[in-house]
Structure formats: structure tokens, C-alpha cells
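Chain by chain, the residues:
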Amino acid sequence: MGAGASGCSTHTPASDIRGAITAIGSPLQSGPIAAWSNAWRKSNNATSLNYSPDGSAVGMSALASGQAYFAALDSPLSSTDQDLTKVQCGPEGAFSVPVSITSVGVAFNMPNISGLKLSPSVLARIFSGAVTNWSDEEIEDLNPDTRLPDAEIVPVTAPDASPLTVAATEYLSKSPDWSTGVTDSWAPVDGGSEVKRYRDVAKEVNETAGAIAFLDLDSISGRFDTALLSFGGDFVRQSKDSMAIAVKEGRTREGSTGIEFDLPEDSNRGYPLGIVNYQAFCTEYPNEQIASLLTSWGKYILSPDGQATSTYFSNSASPSETALRKSEVLLEKIRAKN
């Protein structure tokens, strides 16, 4: 393993937890993990955490090869991945639990326009290059009381693979006007602006009049207005409150690879466009000290205090209370190798 710990056991007091954690995984968890780490280390000041946001697949490989103590994933652990971890993590392999939710919004740069409604069909046509002007009749029909300018629409995308693109194209796939299907990378859009990396999308939207893009809530963070979207019912604005409604309508599942949480596909008042983030842990670690360290970390981030910290400092949403409590119970499986 690429980390070390000493001087504690699985059931020692929090004040005695000490050691260093190395973790690798999704860039989407950089914000929550930074917030959790800062708060966790205040109560466990003999600890440290080094997180490398190299990607979900890289994190999974690092956990399986012993280069990381946990992996931050964009989706639940698969049975195939679990099998690959059995050499490093013991005969039961690793397991994953949901730790946060990244809310995804449709941000646009059009001053003086608020309450803009956009349907899956209109968005599908915008991101396929068929609707190119903000005064297009299809947009006006959804917003009869809004004065829309005669201005070009500039869809902003990035070619690198991202779970944000998966979430966006899943939403666009609700419309028959979207022929590309669900994908993790955008094809170039006629009339659009393609930036090199997803992390550059927000900057491009900010600097481009008429721009529109799918962005995570932390990147939006008051910089942009967002479109009201429909999920089979009323048009809903992206907010922490509307995401909380969707979470209440979600589903928790227990399986052989851990706990899973699914946002609903449809909602009348909730906003279920988001990515459920997971962390994967070994069932067995090399010794009691390391097992205790990882149990302490996992239980903190799933706790009410941990969830409040990530919500406040990184604009993440929480999985359901049921999912969090079942995940806490599953963390009791963590133990030292015999």
C-alpha cells in the first residue's frame, strides 16, 4: 500500500487515530474530499490525506494494486472490479458506498434573462446544432412571457470523457431529437465552442455571450443563471432544495458490491439531474492501525457532520438518510488481515 499508519486500533478513541491516507479517483470529488479532510483532521490531528484526482478508473486500478487506500468513483463498484481487488483487499474484495451527489445544471450567459425554461427536446436540438438562436420559435413557445434576444446560441463542450457528459446525455436522451445516445464525451457541435478540458467549460461560458453548457453546481456557484428543466412534471429550478426533494424520491439498494443509491428518472417537483459519487474501500487492510484509520475516515464523511460539511463547502448534495446509515453499517466490515 502507498500509505502508512501507526499507533491505533479499530476501536480506539478518535483522538488516538493517526496515520496517512493516499487516495485516488474522480475529479468531481476533489471539493468534497478537501472539505471532509480539513474537518476530519481537526478532530484527528495526527492524520493526513493526500488525494489525487486522476480519474475514477485510475483510482479503481490504484486500489486493486495497493497504491491507494480508497478509490473515489463516479459509479458503484462493479462485480468485475471487486474481483480484481481480492488479492489486495482480501477474499471478499472491496465494496463501495455512496458519499455525495453532484448536481448538474444547464448554465447560460444571457444577461437580463431569468426563469428560462428549456425542455429535453429543445436542449437536444441546441446541443446537436439544430437550434442556433435564442429567439428560436421552439424556445419562445416555452417562454411566452420572456423577451428573448436575436442572438446566437453557443453550446460549450469539451472532448474529454466526463461523468458530467454522461449525466447530460442521459437527460438529452429523454428526447427523440437526441440521436447520439448516452456517452461520456461530446462530439463537436456546429456553431459551438469546444474547449480542451472540461475544467475550462465554466471559464468559456463566462467569457462568451450566448453561451450554454452543462455544469456542476459548484462550478455554477452563483456565477451563472441556470435553466429550469422538466423531469416529467413542472419545470424545476436547480437548487439544493429541489435536489433534496429528488433524493427523497430516490432508491437505495444493497448488493454484493456494496450500497447503491439511484436518483429518480422522473419527478414533478424534484431536480434529479446529478451524479451519485462513491468511495470504494478494502474489506481487509494490512493491520489494525490502517483499518482503524480508514474506518474513521469513512464514518466521518457519512455522518451528519460530514455531510453538512460537504454540502456547505462544495455544494454537494447528500444521498438519502437510508443510504448513508446502511453505508455506515457496511463500514463495520473493515478489518485487519489475519
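No experiment lies behind these values; they were computed from the predicted model shown.

**Some points on helix 10 (residues 240-248)**
Within helix 10, burial applies to Ser242, Met243, Ala246 and Val247. For helix 10, the angular spread of the buried residues around the axis is 150 degrees, confining them to a single face. Away from the buried face of helix 10 by more than 90 degrees, exposed residues Asp241 and Lys248 are located. Elements in contact with the buried residues of helix 10: strand 4 (94-108), strand 10 (235-236), strand 12 (258-262) and strand 13 (274-282).

**With respect to unusual backbone geometry**
Phi at Asn112 takes a positive value of approximately 70 degrees, unusual for a residue other than glycine. Of note in the backbone geometry, Asn315 takes a positive phi value of approximately 60 degrees without being a glycine. Looking at where Asn315 falls in the secondary structure, it is placed in the loop between helix 12 (304-314) and helix 13 (321-330). Residue classification places Asn315 among the buried residues on the basis of a relative accessible area of 18%.

**Considering the pattern of salt bridges**
Pairs can form between side chains of opposite charge once their charged atoms are near each other. All chains considered together, the criterion is met by 16 salt bridges. Measuring nitrogen to oxygen at the nearest pair gives 3.3 Å for the salt bridge that ties Asp200 to Arg197. Taking relative accessible area as the criterion, Asp200 reaches 22% and is therefore assigned partly exposed. For Glu284, the salt bridge goes to Arg335, with nearest N and O atoms at 3.4 Å. Here Arg335 lies in strand 15 (residues 335-336) and Glu284 lies in strand 14 (residues 284-285), a separation of 51 residues in the sequence. On the basis of relative accessibility, which here comes to 10%, the residue Glu284 falls in the buried class.

**Some words on the side chain of Glu260**
With respect to the secondary-structure elements, Glu260 resides in strand 12. With residues up to four places along the chain from it excluded, the contact list for Glu260 reads Pro76, Arg251, Thr252, Arg253 and Tyr278.

**Things to note about helix 11 (residues 288-302)**
When the terminal C-alpha atoms of helix 11 are compared, their 21 Å separation across 15 residues agrees well with the 21 Å that a helix rising 1.5 Å per residue should span. In terms of burial, helix 11 is largely enclosed, as twelve of its 15 residues are buried. Sitting at the head of helix 11, Asn287 places a side-chain oxygen 3.1 Å from the backbone nitrogen of Gln289.

Calculation criteria
Residues numbered from 1 in each chain as written. Predicted model: local features only at pLDDT ≥ 70, side-chain atom pairs only at ≥ 80, totals over all residues. Heavy atoms only, no water. Buried < 20%, exposed > 50% of the residue type's maximum accessible area, 1.4 Å probe, protein only. Helix = DSSP H or I, 4+ residues; strand = E, 2+ residues; numbered from the N terminus. Arc of directions from axis to C-beta. Contact = heavy atoms within 4.5 Å. Salt bridge = Lys/Arg side-chain N within 4 Å of Asp/Glu carboxyl O. Expected span 1.5 Å × (residues − 1). Polar contact = N/O pair within 3.5 Å; in protein donor to acceptor, adjacent residues only side chain to side chain.

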